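Fold and geometry: a report
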Amino acid sequence: MTVSNNILIKTLIVSNDDNYLTIVKEGLKALSPNLVIYTQKSSKDIFPFLDKNPDCKLIISETMIGEISCIEMYDQIKLHRKHSPCLIIFSRDGNEDIIIKALNCGIFKFIKIENSIDEALISLSEIIKNSVKPTKTIISYANKSINGVHLEGNILKEILNNSPYSILMTDTEGQITYVNSRSENLLKVNLEADSPSINRLNLKYIDLDGNPLPKENHPFYQVKEKKEVIYNIKYGLQTDQMKIFISATVSPLLTEKNEFGGAIFYLDDITDRISIEQQLKQKEERYRKLFEDTEEGILLMKGAFFVDCNPKILQIFKCTREQILSNTPIFFSPEKQPDGQLSETKALNYIGSALDGNPQKFEWKHIRYDGTPFDARVYLTRIEIQDDFYLQVILQDISMEKKAKEREELYKSMFRHNMRNKLILITGYSLLAEETVDLPDDLRNIIENIMQETDRSIKLLEQYWTIRDVDLIEETLFVSIKATINETLSMFRKRLEANNIVVENTVTDTSVQGGPFLVELFDILIENALIHSECSKITISSRFRNGFIDVFVEDDGKGIPEESSKDVFMKGVKGETSIGTGLGLYLIKRIIESYGGQVILERPEKGGARFILSLRVKK
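**Topic: the overall build of the protein**
Helix and strand content of the protein: 18 helices and 26 strands. Looking at the protein as a whole, 42% of its 619 residues qualify as buried. Look at the contacts in the protein between residues 6 or more apart in sequence, and 62% of them connect residues 24 or more apart. Carbon and sulfur atoms provide 50% of the accessible area of the protein, an area that totals close to 34,500 Å².

Take a look at the structure:
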C-alpha cells in the first residue's frame, strides 16, 4: 500500500525505553504530519491497544521489547488478528538472530542506516510514506550514524547483496543455491558470468588445523538436525584455488509447516586472524620449549602465588608440580632472611616493586620442600599475558657458588696472611743480621738487597690482591678526599723527608664517590714519584667541574717519556730501567674507574708528570 500524504495513519511505537519513544515520536510528528502516533512500553499492552484500534496500520519497534523480540511479538499478533499492521524494525542494534527470523517472516524492503538519529528518522519517514504495506516486515538499522540505501525489485536478493556479511544459502541437502556479492568475492566466483559455477566449486570443509571437518562438526548438519541458529562456528573452506578460514552464524530456513528447507550462512573472513593466532601459537610453543628446557628455574606468579613452573624448579625445590603451584614464596622461605628482616615483609616489598614495573634482582634464602635451606639469586620481572600482569621469576641455586666463594675467601685470607707474615719475618731476620757489627760489606749489601726484594714482594702481593678486590666491588661509598690524601701522606712522611721531597697539598675537602682503595691509589702515585721521578717537590691541588672534582698530583721530576705516556695505564707497561711490575698505574686506572671516575696523564711544559684524577662529588 502506497501511503498518500493526505491519509492519516495510526501508528504505534513500542519500546521500554522512554528516551527512544520520545525521540522517535517527536521526530516522526515533525516529518510525517499524517501519522497519528501512539506509544506503548510493554508488549502485553499491545494486544488490548490493537483490539481498541483495529485500524492501526503500522507498528515501529526495536528488536527487543523487554524479554521478547519484536518478531515473537509480531508472530503473536498475526496469530490473533486477521489483518496485521505493518512492522518496521527501527533499531539501535543489529541483532542477527532477529534479522534471520525476520527473513523467514517475509521481507518487503530493507534499509541499512549508519549515521545520526536525525537522518535515520528522515529515512524512516520516507519508508512510511512510500512503502508501507500490511503483513510485511521492513528491517531498518538506526545506529548513531546513517547512510540510507533504498532497494527496489527483488527485495530478498537486494537485502542479501547489500548485507555487510558474506551470505550463502543451501538446499535441504547442503548444496549451495545462492551466494551474495560479498560471498562471490570471498569464494572468488562470478555468478553473473557463470551462475552454476558455485555448484562446481567442490568446497572442502576443514578444521582450523587444515584437517577434514567431521560430519558432526559440520555447521550444515548441526543446523539441519537441531533446526536452531548456531553462532560463531569456526572452520575452513578450501578449493584448488584458495583456502580461507571463516566464522559463521548459520540459521535454518524453515517452511510454513516448520520443516527444514535449507540453511543460510552468514560468513566472516577470519583468515588473517587465524594466521596471527597460529603464529602466536608457534611463538608460544617455542617459548614453552625454552621455558621447559632451560637450565634456570622459572616460575610464573599471579599476584603473590605461583601459577606455573618449569621442570628445573622442581629439581631445585625437590618437590612435585602440585606442591609448587598455588603456594607463595613465603611457603619456601624461613621466617627471617639472613639480614634479620621477616621473609614475608621483604618478599612483598620485592613483589610490589616488580608489579609496579621495576625489575628486581636480589639474593634470597629459600627452603626446599624437605626443609633444607639453600641460597638463591632471584630476578623478578613484570610481564603482560592476555591483558593481565604476571611476574616472571628466574631463580638460580647459588648454594655451591656461595660455598666456593666462602672457601676462596678463606684461602685468600690464609694465603695473604701467611705470605705477608713470612715476608715480614724475612725482613725481620734481615734487620737482625744487618745489625751485626762486624758484618762484611759484601754480605751487608746482600742483606740490604734481600730486604729491598722482600719489601717489593710484599708490595707486589698487595697489588695483586687489590686488583682482585677491585673486581669484586659491588657498591661504593662517599669519603673525604682530603682525609684520604692526608692518610697516604702520613704513611710516606719519613721517606719523603729522607729524600728531601717537599709536598704542597691544597686540595679542597669534599665527599667523593670512593672507598678504601682510594688510599691505595694515592699510595701508588706517591710511591712512583719517590722511586722513579727524581723530583724535589710534589704538588697536590684540585678544582670542581660539572659534578666532579679534579685532583692534580704533579711532580717536578724527569717525567715520563712521550713514547711511553700513551700506554702507561696498560697492564705490565713500565719504563726500560724500571724494576717494578708494571701494575701500579694500571691499578690506579682500575680503581678510579670502579668508582665512576677517570685518570689522565699530562706532561707539563716545565717538565715532570701531572696526573689528573676525576672523582664524582656527592650531591
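**Some points on the side chain of T328**
Tracing the sequence through the fold places T328 in the loop between α11 (321–324) and α12 (343–355). Of the residues examined, T328 reaches a relative accessible area of 17% and is grouped as buried. Discounting chain neighbours no more than four positions away, the residues touching T328 are A304, F305 and F306.

**A few points about the packing of helix α16 (residues 517–533) against helix α18 (residues 584–594)**
As a packed pair, α16 and α18 sit with axes 9 Å apart at the nearest point and diverge in direction by 150 degrees. One way to sum up the angle between α16 and α18 is to call them roughly antiparallel. Of the two elements, α16 crosses α18, and the hand of that crossing is left-handed. Across the interface between the two elements, F517, E520, L521, I524, L525 and N528 of α16 pack against G584, L585, L587, I588, I591 and I592 of α18. Residues of the contact of α16 with α18, tallied by class, amount to nine nonpolar, two polar and one charged.

**Notes on the nonpolar core**
For soluble globular proteins, the rule of thumb is that nonpolar side chains tend to be buried together. Counting 39 residues, the largest nonpolar core has V551 and L613 as the members making the most contacts within it. Secondary structure elements with two or more residues in this core: α15 (481–498), α16, β23 (537–545), β24 (548–555), α18, β25 (598–602) and β26 (609–616). Considering each element in turn, this core owes the most residues, nine residues, to α16. For V551, the residues in contact, after removing those within four places along its chain, are I481, I485, V507, F522, I540, S541, S542, F611, I612 and L613. In terms of nonpolar packing, the next biggest core, distinct from the first, is built from 24 residues, F374, A376, L391 and V393 among them.

**A few points about the pattern of salt bridges**
A complete count under the given rule lists 19 salt bridges for this structure. Here R273 ties to D268 by a salt bridge, and the two come within 3.8 Å at their closest N and O atoms. Residue class for R273 comes out partly exposed when judged on its relative accessible area of 39%. What makes D268 partly exposed here is its relative accessible area of 37%.

**Observations regarding the sheet that holds strand β16 (residues 305–309)**
Whether parallel or antiparallel, the strands of a sheet pair through hydrogen bonds between backbone atoms. Sheet architecture is open: five strands sit in the order β16-β15-β19-β18-β17, paired in antiparallel fashion. Each having just a single partner strand, β16 and β17 (360–367) make up the two edges of the open sheet. Strand-to-strand, the axes of this sheet are offset by a mean angle of 35 degrees, without reference to chain direction. Bridge count for β17 against strand β18 (residues 373–385) is eight bridges, and the pairing is antiparallel. Bridging from a neighbouring strand, K361 pairs with Y379 of β18.

**A word on α15**
Its 18 residues place the ends of α15 26 Å apart at the C-alpha level, agreeing with the 26 Å of an ideal helix rising 1.5 Å per residue. Helix geometry: α15 is bent most strongly at F492, by close to 55 degrees. Every buried residue of α15 is listed here: I481, T484, I485, T488, L489, F492 and L496. Backbone geometry just downstream of α15 places N500 in the positive-phi region, at approximately 55 degrees.

**Brief notes about a nonpolar patch on the surface**
A cluster of nonpolar side chains, I426, L443, I446 and I450, forms an exposed patch at the surface whose accessible area comes to about 310 Å². Per element, the largest residue contribution to the nonpolar patch is three residues, and it comes from helix α14 (residues 441–471). Position of I426 among the secondary structure elements: in helix α13 (residues 399–434). Looking at I426, the relative accessible area reads 38%, which means it is partly exposed.

**Observations concerning unusual backbone geometry**
Phi angles above zero are rare outside glycine, and K318 is one such case at about 55 degrees. Within the fold, K318 resides in the loop between α10 (311–317) and α11. Unusually for a residue other than glycine, N500 sits at a positive phi of about 55 degrees. Position of N500 among the secondary structure elements: in the loop between α15 and β21 (502–505). The exposed category is assigned to N500, whose relative accessible area is 63%.

**Some words on the packing of α15 against α16**
Here α15 crosses α16 at 35 degrees, and the two axes come no closer than 9 Å. Of the two elements, α15 crosses α16, and the hand of that crossing is right-handed. Together, I481, T484, I485, E487, T488, L489, M491, F492, R495 and L496 of α15 and L518, V519, F522, D523, I526, E527, L530 and I531 of α16 make up the contact between the two elements. When the residues that make up the contact of α15 with α16 are grouped by side-chain class, the tally is twelve nonpolar, two polar and four charged.

**Some points on the environment of I60**
One can find I60 in strand β3 (residues 58–61). Relative accessible area serves as the criterion here: at 0%, I60 is assigned to the buried category. Taking the C-alpha atoms as reference, I60 lies 9.6 Å from L124; in sequence the two are 64 residues apart. When near neighbours in sequence (up to four residues on either side) are disregarded, I60 contacts T11, L12, I13, V14, Y20, L28, I88, F90, L124 and I128.

**Let's talk about α12**
The terminal C-alpha atoms of α12, which comprises 13 residues, lie 18 Å apart, in line with the 18 Å expected from a rise of 1.5 Å per residue. Taken together, the buried positions of α12 are occupied by S343, K346, A347, Y350, I351 and A354. Looking down the long axis of α12, one finds its buried residues gathered within 130 degrees of arc, a one-sided arrangement. For α12, the elements touching its buried residues are β15 (297–302), β17, β18 and β19 (388–397). Residue G357 follows α12 closely and has a positive phi angle near 100 degrees.

**Some words on the pairing of strand β12 (residues 230–238)**
Both strand β11 (residues 204–206) and β12 contribute to a ladder of three bridges, which runs antiparallel. Residue pairing for β12: I206 is matched across the bridge by G236. In this structure, the hairpin formed by β12 and strand β13 (residues 243–254) is closed by a connection of four residues.

**Section: the sheet that holds β23**
Ordered by their spatial adjacency, five strands build an open sheet running β21-β23-β24-β26-β25, and the pairing between neighbours is mixed. Two strands close off the open sheet at either side, each with one partner strand: β21 and β25. The average angle at which neighbouring strand axes cross in this sheet is 15 degrees, direction not considered. Sheet analysis places β23 next to β24, joined by eight bridges and oriented antiparallel. Looking across to β24, one finds that F544 is bridged to I549.

Cut-offs used in this document
- Residues numbered from 1 in each chain as written.
- Predicted model: local features only at pLDDT ≥ 70, side-chain atom pairs only at ≥ 80, totals over all residues.
- Heavy atoms only, no water.
- Helix = DSSP H or I, 4+ residues; strand = E, 2+ residues; numbered from the N terminus.
- Buried < 20%, exposed > 50% of the residue type's maximum accessible area, 1.4 Å probe, protein only.
- Contact = heavy atoms within 4.5 Å.
- Areas by Shrake-Rupley, 256 points an atom, 1.4 Å probe, with all protein chains shown as cover.
- Axes fitted to C-alpha atoms, helices over the stretch in contact; angles between N-to-C directions.
- Parallel < 35°, antiparallel > 145°, perpendicular 65-115°, else oblique.
- Left-handed = near helix turned anticlockwise from the far one by under 90°.
- Nonpolar A, V, L, I, M, F, W, Y, C, P; charged D, E, K, R; others polar.
- Core = buried A, V, L, I, M, F, W, Y, C linked by side-chain atoms within 4.5 Å.
- Salt bridge = Lys/Arg side-chain N within 4 Å of Asp/Glu carboxyl O.
- Pairing = 2+ DSSP bridges.
- Expected span 1.5 Å × (residues − 1).
- Bend = angle between axes of the 7 residues up to and from the residue.
- Patch = residues over 30% accessible without salt bridge, like charges linked within 9 Å, V, L, I, M, F, W, Y side chains within 5 Å.
- Arc of directions from axis to C-beta.

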